[in-house]
Amino acid sequence: MTAKGKKGFARAKELYQDRSQRAKELKAEGKKVMGYFCLYPVLELFTAFDIVPYRILGDMGEPITKADSCLPTIVCPFIRSALDLGLKGKYDFFDGVVMCHSCEVGEKAAHIWRIYMDPSYYHFLDTPHTVHEPAQQQFKGQLEDFQKTLEALTGKKLSAGKLKDAVDICNQQRVLVRELYDLRKSDPPLISGTEIIEVMVALMSIPVNEGNALLKQIIDEARGRTDGPQKKPHRLLLWGTVIDNTALVEMIENAGANVVMDDTCVGSRAYFPMVEPTENPLDGLSRRYLVDIKCPRTFREAVYGDPKKHYIKDLEHRFGYLKDYAREWNADGVILQSVRYCDIHGYDTPGLSDYLNHIGLPNIYIEHDYSEGALAPLRTRVQGFLELIG
Amino acid sequence: MHEVFRDHPIREGSLIYFAGIDLGSTMTKVVIVDRDGKTLSSLVGPTGAEHRRLANKVMADALMRADLSFDQVSYVVATGYGRINIPFADRQITELTCHAKGISSLFPGVRTAIDIGGQDAKGLKIRNGKLIDFVMNDRCAAGTGRFLDVLVGTLGLRIDELGEISLRATHKLPISSTCTVFAQMEIMAWLSQGTPLPDIVAGLHDAIANRVGKMVKKLKIEPEVVFTGGVAKNIGVVNALQEYLGLKVSVPAEPLLTGALGAALLGKELTLKAMAEGKPIHEKELRLAESTFFHTENH
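Residues numbered from 1 in each chain as written. Chains lettered and ligands numbered in written order. Predicted model: local features only at pLDDT ≥ 70, side-chain atom pairs only at ≥ 80, totals over all residues. Heavy atoms only, no water.

> Just to check I follow, could you spell out unusual backbone geometry for this structure?
In this structure, A:Pro188 follows A:Asp187 across a cis peptide bond, with omega equal to 0°. With respect to the secondary-structure elements, A:Pro188 resides in the loop between α7 (160-182) and α8 (193-203). Cis peptide bonds are those with omega within 30 degrees of zero, and the linkage from B:Pro223 to B:Glu224 qualifies with 10°. Tracing the backbone shows B:Glu224 in the loop between α6 (197-216) and β9 (225-228). If you check the backbone angles, A:Tyr341 has positive phi at about 70° while not being a glycine. Looking at the secondary structure, you find A:Tyr341 in the loop between β7 (333-339) and α14 (343-358). The partly exposed category is assigned to A:Tyr341, whose relative accessible area is 39%. (Helix = DSSP H or I, 4+ residues; strand = E, 2+ residues; numbered from the N terminus. Buried < 20%, exposed > 50% of the residue type's maximum accessible area, 1.4 Å probe, protein only.)

Spelled out as structure tokens, the structure:
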């Protein structure tokens, strides 16, 4: 893959620790590197144009010093951190950025990014917040526009065939991630929650085809490994906001549990939904990205009559997939985690907690500041939760 | 090096003891119990920056009071926020579980416990002596012992006189409970207006009761309610909490010690269970603390 020769887990760790190394190498070879924010800028489009997609993340270990002059301090600390890194020049190697209306703060930060960083290429996807038919049509239109701007940027016209190939490559990645996640089903799991984050961050820092090669190495390595995680008294499912740093999961795993499954956007949420092959690939793509990605940023109306009377039924409709995760990965508890001030996850938490209580799955809600140093008080909560579930 | 006898098999009927050590943010507490769960000695000392040395000291003093040597203690459970810093402990268990255990041993009918310590406040929901749910304050220590610690300075009072003084209040002042610094500014304003101290102190106690009470209400409070932690020694806060909750609140004779007591009792349960099952009691063959423990004492 690279001249340096590290493979599998070691390579993922290397990329986790120094995210931009491969993207910068590719840039030096003449490729375009595009920063994108959140899950909605369609990876297939970057891939079809041979552009290196690079997810914009924050850094829990880096104090936020510059972003506070352009964003309020009482908003999502992850987005503040990501913007802070941008302002500090850590993302200066981008040839452009694609932002989206992920949530309110994401939208504001996107425009602030444009003003302060002034990227030579900038595109904003105004992702709808509902999933009904007109919203899907609107999103498809957004993707058509996005494609046109990329055509203008690269001077290349995109054929349906090329886009279909990109869909295949990206779907391959999704299948491989599922295969990797299947290796967490055994007890002990073959991959720790901490390692999963390293792998996921690595995937979001390199081209999709390179990610696929890396995933294959990791899956082979994990299958044959003897140095995997130890058996622990509890197996947990982790739900919530973006986790792009190992510190929180490490703290949980040191408290006496293996994190065996997740529903976060640097995890299964980003990879589990597949793109259905359609005549016009944009139909399958708009459906997959808008409807099938289950992020609380998208509002889903109650579908079962009277929301009060059919509360549990509606919760089942919204969160039933988590019951399946818990069953398939044999989790005995759920950690609901959120960075402070995340409204969208905050709105989903009470209902989700009610649902988990209803199906008898112990759960705890923890909120953190997206800072490595501020995790200590959470240790007592997590350990107390593990003692409580026995 | 000190010789260690503790890992020798314990015979049925022999005299064995269990210690719980609760290393809180402000105070370190030790309780030693016998195999019937009876408290033989207990001790409270300040937690300093040097957790380990002071944990050793408080432990050694407690042993001396009980006329025991460290060898005679079969199992040590550490709890409290500094629990991971205690090298001579066999096991660490959170203060949530330990408080629930300790409080239930004193008040078997307890269903809700409120603990306000030096830097945190927690609510525990307990059923049949077992912890079933909990809430804790956030990172901010407003509404905890630290809140009072900071504000007594502004008032020129001692922490232990606050309770009595508040009883003389004729009019409770509203004081903001969200932030210690805000509260401090408000107090300065009241003082400059010549407001009587008892009214200010009573307002502070109300602020704590509101903040902690609101948090604990998330657990759907049911009686019997027990209030522990250093702040439970303050009669003013006890009254304010009763008023806020509209329920009688019981306070143990030694509200600081319930965590350490629970830790000792949990250690006893773990040991007796292991003995009954014929399993080894200690996972580690020799705890690294033994030597440091006694040597530190001699210096």
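> Honestly, the pattern of salt bridges in this entry has me stumped. Any pointers?
In total, this model carries 43 salt bridges over all chains according to the counting rule given. In this structure, A:Lys108 and A:Glu104 form a salt bridge, with 3.4 Å as the shortest nitrogen-oxygen distance. One end of the pair is A:Lys108 and the other is A:Glu104, both in helix α5 (residues 104-117) and four residues apart, which spans about a single turn. When the shortest N-O distance is used, the salt bridge between B:Lys122 and B:Asp120 registers 3.1 Å. Take B:Lys122 and B:Asp120: they sit in the same class, and that class is buried. (Salt bridge = Lys/Arg side-chain N within 4 Å of Asp/Glu carboxyl O.)

> How should I be thinking about the environment of A:Val266 in this particular structure?
Residue and element names in this part refer to chain A. Within the secondary structure, valine 266 is located in the loop between β6 (257-263) and α11 (268-271). The buried category is assigned to valine 266, whose relative accessible area is 1%. For the pair formed by valine 266 and asparagine 245, sequence separation is 21 residues and the distance between their alpha carbons is 9.5 Å. Excluding anything up to four places from it in sequence, valine 266 contacts Arg55, Leu57, Met200, Val201, Met204, Val242, Ile243 and Asp244. (Contact = heavy atoms within 4.5 Å.)

> Is there a simple way to think about empty space enclosed by the protein in this case?
Rolling a probe over the atoms, with the probe sized like a water molecule, indicates the empty space that remains. Residue and element names in this part refer to chain A. Across all of its chains, the model carries five cavities of 30 Å³ or more by this definition. Empty space within the largest cavity amounts to approximately 130 Å³. Residue lining of the largest cavity: 14 residues in total, with Tyr36, Leu39, Leu43, Ala270 and Tyr271 positioned closest to the centre. Residue assignment for the lining of the largest cavity shows that the elements contributing at least two residues are α7, α11 and α12 (281-292). Considering every element that reaches the lining of the largest cavity, the biggest residue donor is α7, with three residues. (1 Å grid on protein atoms, 1.4 Å probe; cavity = no way out; pocket = protein on both sides within 12 Å on 5 of 7 lines; lining within 4 Å. Points joined across faces, edges and corners; volume = space filled by probe spheres on them.)

> Sorry, what's going on with the interface of chain B and chain A here?
Note: interface size is frequently given as the accessible area lost on complex formation between the parts. Across the contact, 16 residues belong to chain B and 14 residues belong to chain A. Both faces combined, the contact of chain B with chain A buries some 1,200 Å², and carbon together with sulfur accounts for 50% of it. Seen at the junction of chain B and chain A, the total is zero salt bridges. Seen at the junction of chain B and chain A, the total is seven residue pairs in polar contact (both at pLDDT 80 or more). Within the residue set of the side of chain B that touches chain A, elements represented by two or more residues are α2 (95-106) and β8 (130-136) of chain B. No other element matches β8(B), which puts five residues into the side of chain B that touches chain A. Its residues assigned to classes, the side of chain B that touches chain A shows seven nonpolar, four polar and five charged. (Buried area = accessible area lost by both parts, 1.4 Å probe. Polar contact = N/O pair within 3.5 Å; in protein donor to acceptor, adjacent residues only side chain to side chain. Nonpolar A, V, L, I, M, F, W, Y, C, P; charged D, E, K, R; others polar.)

Coordinates in, geometry out; function isn't part of it.
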